[in-house]
Amino acid sequence: MSLMRAAARGRVVGARLPIVGSRSSSFIPNTPEEWEAAGYEVSPKNGAPKIPSPWNKWFPYEPIPFSPKLGPYRVMVEKDRVYQWCACGEATTQPFCDGVGCKDTKF
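Residues numbered from 1 in each chain as written. Predicted model: local features only at pLDDT ≥ 70, side-chain atom pairs only at ≥ 80, totals over all residues. Heavy atoms only, no water.

(A) Representation of the overall build of the chain in the model. A tally of helices and strands in the chain yields three helices and two strands. When its helices and strands are written in sequence order, the chain yields α-α-β-β-α. Within the chain, the fraction of its 107 residues that count as buried is 17%. In the chain, the share of contacts with a sequence separation of at least 24, taken over all contacts with a separation of at least 6, comes to 25%. (Helix = DSSP H or I, 4+ residues; strand = E, 2+ residues; numbered from the N terminus. Buried < 20%, exposed > 50% of the residue type's maximum accessible area, 1.4 Å probe, protein only. Contact = heavy atoms within 4.5 Å.)

Below, the structure is given as structure tokens:
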């Protein structure tokens with residue numbers, strides 16, 4: 001018997017995974033105090049948590065940025081204007097850099 005045929009016979013026909021909606025507030029902390037209680041370091045400048053990624057396991061000496069928002073930003077921009085993206089995550093004018101938040105960081 002071929003591998004494909006064996007896999008097809010072991011499969012349950014019509015079984016589907018449950019559809020999972022968006023995450024509720026019980027999974028992701030909302031306030032800086034909740035992030036600190038969950039064991040994360042929080043920025044004193046804007047309250048953003050520092051969330052390590054798998055990248056930091058492989059490269060432990062790379063700096064970990066703060067994550068002010070766990071999702072995309074929707075902003076209006078003007079044509080022919082230069083914007084500076086915030087890489088440290090501590091600017092109060094997210095997602096753009098204010099030049100103040102990056103002081104005393106490795107970014």
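After presenting the structure, the write-up continues.
(B) Up close: unusual backbone geometry. Omega for the bond connecting Q94 with P95 falls within 30 degrees of zero, at 5 degrees, which places this linkage in the cis form. Positive phi, close to 65 degrees, is recorded for D80, a residue that is not glycine. Turning to its location among the elements, D80 is positioned in the segment after α3 (54–58).

(C) Here's a closer look at the packing of aromatic side chains. Using the criterion set out here, one finds four aromatic pairs in the structure. Ring geometry for W35 and Y40: centres 5.1 Å apart, planes at 80 degrees, overall edge-to-face. Using a relative accessible area of 9% as the deciding quantity, one classes W35 as buried. Both rings, one in W55 and one in F59, keep their centres 4.5 Å apart while their planes meet at 35 degrees; by these two values the pair is tilted. Overall, W55 belongs to the partly exposed group, its relative accessible area being 44%. Overall, F59 belongs to the partly exposed group, its relative accessible area being 40%. Counting every residue linked through ring pairs, the aromatic cluster contains Y83, W85 and F96. (Phe/Tyr/Trp six-rings, centres within 6.5 Å; stacked < 30°, edge-to-face > 60°.)

(D) Focus on a nonpolar patch on the surface. Together, W55, W58 and F59 make up a nonpolar patch on the protein surface, roughly 400 Å² of accessible area in all. Tracing the sequence through the fold places F59 in the segment after α3. (Patch = residues over 30% accessible without salt bridge, like charges linked within 9 Å, V, L, I, M, F, W, Y side chains within 5 Å. Areas by Shrake-Rupley, 256 points an atom, 1.4 Å probe, with all protein chains shown as cover. Salt bridge = Lys/Arg side-chain N within 4 Å of Asp/Glu carboxyl O.)

(E) Spotlight on the environment of A38. Looking at where A38 falls in the secondary structure, it is placed in the loop between α2 (32–37) and β1 (41–42). Residue classification places A38 among the partly exposed positions, given a relative accessible area of 45%. Sequence-wise, A38 and I28 are 10 residues apart; in three dimensions their C-alpha atoms are separated by 9.7 Å.

(F) Spotlight on the pattern of salt bridges. Under the defined criterion, the tally for this structure stands at one salt bridge. Salt-bridge contacts for K50 lead to E41; the nearest nitrogen and oxygen are separated by 3.7 Å.

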